[in-house]
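Remarks on the overall topology
The primary structure of each chain is shown beneath.
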Amino acid sequence: MASASKRDKEQSIIRNLDWFTLFIFVVLVAMGWMSVCGASYDFDQGTQLLDFSSRSGMQMVWILTSLVLGSIILCVDDRLVESLSYIIYIGFIVLLFVTPMLAHDIKGSLSWIKIGSFSLQPAEFAKFATALCVAKVISSFNFDLSRWRDLIISAILVVLPMGLIIMQKETGSALVYLAFFLMFYREGMIGSILFAGAAAVFYFVVGVRFADAPLWDIPQISMGEFLVLAGIHLFSAGMMWVYTSLRKPFLQVLLFGMSAYVLAVLYAKYLIPVNTCWVQWIVLAVMVGYLFYLSVREQLLSYALIALFAIGSTGFFYSVNYVLSDVLQPHQQTRIRVLLGLEDDPKGAGYNVIQAKIAIGSGGLHGKGFLNGTQTKLKYVPEQDTDFIFCTVGEEQGFVGSALVLAIFLVFILRLIHLAERQPLRFGRVYGYCVMSVFLFHVFINVGMVLGLTPVIGIPLPFFSYGGSSLWGFTILLFVFLRIDAARNRMRH
Amino acid sequence: MATTEKNKKKYELHKRKYVLGGIACVIIFTYILRLFSLQLLSEDFKESADSNAFLKHILFPARGAITDRNGKLLVYNQPAYDIMVVMKEQVGVDTVDLCNTLGITPEWYKRRMDEIRDPRRNPGYSRYTQQLFMSQLSAEEFSTFREKLFCYPGFYIQKRSIRQYSYPYAAHVLGDVGEVGPKDIERDGYYRSGDYIGKLGIERQYEEQLRGEKGVEILLRDSRGRIKGRYQNGKFDEPPVPGKNLTLSIDVELQALGERLMTGKKGGIVAIEPSTGEILCMVSSPTYDPRMMVGRQRGANNNLLSRNPHKPLLNRAIMGQYPPGSTFKTTQALTFLQEGIITPQTLFPCSMGFRFKGLTVGCHAHGAPIPLVPSLATSCNSYYCWGLFQMFSNRKKYATVQDAMTRWKDYMVSMGFGYALGVDLPGEKRGMIPNAPYYDKAYRGSWNGLTVISISIGQGEVNATPLQIANLGATIANRGWFITPHVVKDIQDEELDTLYTTRRYTMAERSNYEYVVQGMRQAVLAGTCRAANSPHYEVCGKTGTAQNPHGQDHSAFMGFAPMNDPKIAICVYVENGIWGATFGVPIGSLMMEQYLTGGLSPESEEKAKTFEERHLISVDNGFGKQER
């Protein structure tokens with residue numbers, strides 16, 4: 001009986017495993033290896049690609065061990081993993097806590113633990129532990145994320161490892177945990193929180209990053225301030241579209257505001273260069289007044305809430321500016337500016353991003369071919385085989401190759417959503433959304449940073465960036481989900 | 001009721017997967033669009049990448065050497081060193097130390113750096129490539145710098161060669177080489193900032209032959225500027241092609257004597273080998289030592305020379321436009337003979353000049369009336385005035401005076417006057433031969449032969465360069481043709497332009513030239529050029545004393561020798577030299593002796609010394625000659 005059920009289980013893994021996802025995984029890892037080869041290849045010595053003293057050789061070791069690790073995970077009973085969730089989480093929290101004390105300082109980071117001749121980064125594995133634990137908690141009976149109490153409990157589980165990782169001076173890795181809010185949203189968190197969070201990040205990043213950049217070469221206008229104020233206006237109009245049914249006020253707000261901004265900028269550009277922000281203030285004030293008027297007239301709270309959102313947003317933006325420039329100490333300001341990629345390099349602002357853009361831009365349509373990239377190999381691009389690995393793809397494989405990689409990532413993420421949605425148990429679904437959110441966040445930030453669209457936050461591109469810890473971490477994260485997914489039909493037996 | 005609401009809510013939450021999937025799609029599509037714009041819409045990044053990673057190391061070709069007609073080396077190359085800077089890499093250099101090592105001031109350093117960065121003054125500027133910082137350091141100047149080069153990241157040494165001159169002569173012919181200006185760079189994509197280009201003379205005229213082709217070596221360079229080997233093992237490297245050597249037709253010994261004799265005088269000497277049109281010497285005085293125009297002193301010296309009131313930079317041999325005076329009478333004799341206005345036996349009166357209807361053109365005492373040959377020998381003004389008057393008044397042959405004038409002008413032009421001859425040197429002037437419309441305008445249509453009578457004796461509106469006058473001598477020596485005068489005899493591996501190998505015939509017949517030759521021979525034997533006579537070869541000559549409204553008359557001589565196998569035709573023109581016989585004849589005779597006998601006899605050497613010391617202008621020390 002026991003042997004029969006065991007055979008049954010084995011068969012069901014092979015039959016129920018999502019081979020499509022596994023195939024995408026293998027493709028991404030293979031492309032990743034080629035990129036590491038490209039990034040670490042040395043024109044002088046013509047490195048042997050499988051020489052274990054080279055990075056490409058080592059990456060092959062990581063890939064093979066990952067495959068072994070993945071196979072082992074597929075053989076473990078998923079219920080065992082689920083039941084161990086809390087223990088794994090607590091274990092990793094303790095590990096994260098002690099890591100800074102055991103770690104060697106590597107380029108200012110205290111996140112590496114040395115075991116024998118290998119160094120491991122617990123933060124890369126803590127994502128998996130956190131995902132497990134959060135999934136376990138959320139899947140408990142009558143847990144509802146639309147309730148503040150439950151949301152706060154879940155948020156604490158996420159913020160705890162985040163804080164510990166920030167203490168290891170790995171702010172980038174810590175920010176990845178924000179991805180869990182995407183899962184919270186799917187599981188019932190009020191949508192406005194996600195929206196407000198995204199809006200706040202937008203105000204902060206755009207406002208600070210482009211504070212000193214002139215808009216359209218008009219020195220009086222700060223691009224950051226202009227974009228944020230215009231953004232507040234657009235967001236408000238967008239909320240009117242989503243939350244209210246009257247179309248006429250929406251169009252009035254949108255068209256009146258935008259045309260006022262355009263006219264003001266044209267005036268500043270061609271007649272008298274003035275700062276147009278006071279025009280934006282007036283327009284926003286008029287809009288807020290109009291919204292309150294609509295709220296009273298239509299007897300709808302929504303309009304008033306949107307007005308409050310606009311007021312709150314404006315207040316948030318200016319208080320961030322105030323805190324940044326007047327409250328924080330200079331070294332704290334520097335840290336934030338470093339995080340936003342304003343001050344991260346010794347060769348002058350934006351060197352990394354410029355070099356990354358040059359490398360990618362020089363790839364053209366077809367790229368320069370495998371191992372033929374000059375920018376990445378001659379070390380113009382910083383962190384060329386880890387955080388900036390996508391440059392190698394862009395340079396050597398060109399638009400065709402890099403767009404293909406992005407497309408594969410998109411298919412991968414959509415597939416993960418599909419897999420998560422088909423889970424019969426909430427635990428599996430929550431865990432699946434955690435996995436998907438983490439991958440999406442990594443791709444979003446990493447590729448965006450290389451393309452000069454998001455702040456420079458040093459996190460790896462899944463399956464591409466060189467490094468054992470990150471590859472193992474992503475493999476465990478993914479394969480545990482594949483194992484859970486493979487057991488989705490068990491209930492019906 | 002509660003369950004339906006819950007189910008409804010569950011369904012609403014289920015829809016959120018589309019929001020999340022939508023976010024993923026928006027992100028990825030935004031990124032693909034961004035990739036599209038970076039990789040396919042903009043070429044800039046490709047160029048930046050190349051200049052990032054490829055260090056195009058320019059290999060400069062050796063500029064062609066220049067020798068004289070006897071194979072004596074005139075111009076050659078000497079190594080010099082340029083200091084180059086890559087702006088992107090020169091960070092953290094101790095500029096004070098650098099300035100001390102190079103012997104420059106910090107202000108100069110700052111100014112130079114600003115100049116390099118200024119895209120208007122330095123059109124090819126890039127932060128990633130080498131830019132010229134300082135040029136033409138000598139081996140000594142540069143040795144300390146080389147020792148300390150490792151202290152100055154971003155600074156490089158570029159080996160170059162600069163021009164060096166064996167002789168202090170022929171500066172105007174040889175010209176010089178200098179850094180290219182922004183206009184040259186715009187005009188010709190071959191040049192990059194800091195390259196050298198011929199500025200004057202042969203160096204400019206034959207720039208394309210002399211410069212060769214630059215080569216390039218493509219090296220791979222990493223982000224710290226370290227060279228990581230050759231790109232594709234030098235598959236795309238190009239070796240430099242050395243410039244072509246030039247052989248000039250100049251005889252440097254003759255040139256040297258000419259410059260010596262012209263010391264302290266303004267004017268020019270041009271000697272031509274009649275059978276080939278090769279210019280044997282081209283002297284313009286005052287002159288300067290070509291070595292002044294080499295190296296970093298070039299700018300200062302150039303300023304010094306251009307400020308000098310005697311204009312030593314002006315090549316008077318081809319740019320000075322003077323009245324040819326009596327040397328021009330030969331052209332008139334040929335025209336009148338060819339047009340049938342006179343025969344060799346035609347006699348014209350002369351009573352101390354040409355007198356007609358109250359108009360007088362003075363002449364000196366000689367027997368009268370006289371026929372053509374003695375009129376040339378004695379240089380009778382009256383004869384040529386009568387000739388021109390008869391030609392311009394001849395209504396049987398010419399319907400109007402304008403027609404006669406046009407005919408006359410055509411003769412002059414066929415003899416090389418009125419237009420630039422086309423010598424292979426930049427800046428040649430065309431001189432002046434008036435035509436009918438010119439006089440119509442000047443005299444409002446009311447003029448005749450008398451009005452313009454002075455053109456018959458090379459005065460009035462007529463102007464010519466010494467080169468044109470020497471060419472006239474060559475034409476007479478050849479009895480009716482010339483080859484466009486040129487200073488380059490031979491270009492390595494290249495044919496000479498057919499312009500310099502083709503005969504150009506004048507409108508006068510060979511037989512008529514014989515009378516003019518006779519006249520010029522008589523001038524030497526018994527006329528105005530007796531001082532030019534030589535026992536060793538038959539000299540033909542014609543003096544010129546050109547009236548100069550601004551001061552003393554100019555002294556001119558045109559001649560050739562030997563009469564029946566001409567080897568040299570010459571023009572000597574000395575500004576304010578008074579009589580043709582005062583300076584022109586003796587200098588011309590010494591030059592012919594030098595060329596035909598290969599040196600000067602002791603008596604001639606004495607004579608040469610006297611002439612060298614007879615100065616019409618003050619000889620200051622600005623011309624660099626005292627250093628030799």
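Quick notes on the rules
Residues numbered from 1 in each chain as written. Chains lettered and ligands numbered in written order. Predicted model: local features only at pLDDT ≥ 70, side-chain atom pairs only at ≥ 80, totals over all residues. Helix = DSSP H or I, 4+ residues; strand = E, 2+ residues; numbered from the N terminus. Buried ≥ 20, exposed ≤ 12 C-beta atoms within 10 Å, placed from the backbone. Contact = placed C-beta atoms within 7 Å. pLDDT = per-residue confidence, 0-100. Axes fitted to C-alpha atoms, helices over the stretch in contact; angles between N-to-C directions. Parallel < 35°, antiparallel > 145°, perpendicular 65-115°, else oblique. Left-handed = near helix turned anticlockwise from the far one by under 90°. Nonpolar A, V, L, I, M, F, W, Y, C, P; charged D, E, K, R; others polar.

This part covers the overall build of chain B. For chain B, the count of helices and strands is 21 helices and 20 strands. Burial status across chain B gives 45% buried among its 628 residues. Partitioning the intrachain contacts of chain B with sequence separation of at least 6 by distance along the chain shows that 73% fall at a separation of at least 24.

Residues and elements named next belong to chain B. Across chain B, the average pLDDT comes to 85, with 91% of residues at 70 or higher. Scored below 50 in pLDDT, residues 624–628 shows 10 contacts in the model against residues more than four places distant or in partner chains. Interface confidence for the predicted complex, expressed as ipTM, amounts to 0.86; the pTM equals 0.57.

Looking now at the packing of helix 13 (residues 329–339) of chain B against helix 15 (residues 381–393) of chain B. All names here are of chain B. Viewed as axis vectors pointing N to C, helix 13 and helix 15 meet at an angle of 40 degrees, and their least axial separation amounts to 10 Å. Comparing the axis directions of helix 13 and helix 15 gives the class oblique. In the crossing of helix 13 with helix 15, the sense of the turn from one axis to the other is left-handed. Two secondary-structure elements touch here, helix 13 through Lys329, Gln332, Phe336 and Glu339 and helix 15 through Tyr384, Gly387, Leu388 and Met391. Partitioning the contact of helix 13 with helix 15 into residue classes produces four nonpolar, two polar and two charged.

With that settled, consider the packing of helix 6 (residues 122–138) of chain A against helix 18 (residues 426–450) of chain A. Residue and element names in this part refer to chain A. Closest axis-to-axis distance for the helix 6/helix 18 pair is 8 Å, and the angle between their directions is 145 degrees. Helix-helix and strand crossings are classified by hand; for helix 6 and helix 18 the assignment is right-handed. Residues Lys127, Ala131, Leu132, Val134, Ala135, Lys136 and Ile138 of helix 6 pack against Arg426, Phe427, Val430, Tyr431, Cys434, Val435 and Val438 of helix 18. Among the residues forming the contact of helix 6 with helix 18, the class breakdown is 11 nonpolar, no polar and three charged.

For the rest of this paragraph, the subject is unusual backbone geometry. Note the cis peptide between Ser285 of chain B and Pro286 of chain B, where omega equals 0 degrees. By secondary structure assignment, the location of Pro286 of chain B is in the loop between strand 12 (278–285) and helix 11 (298–307). Cis geometry is adopted by the peptide bond preceding Pro562 of chain B, which originates at Ala561 of chain B and carries an omega value of -20 degrees. If you trace the backbone, Pro562 of chain B turns up in the loop between strand 19 (554–561) and strand 20 (568–574). In this structure, Lys169 of chain A is a non-glycine residue whose phi angle is positive, near 60 degrees. Here Lys169 of chain A lies in the loop between helix 7 (148–167) and helix 8 (171–175). Despite not being glycine, Asp493 of chain B shows a phi value in the positive range, around 55 degrees.

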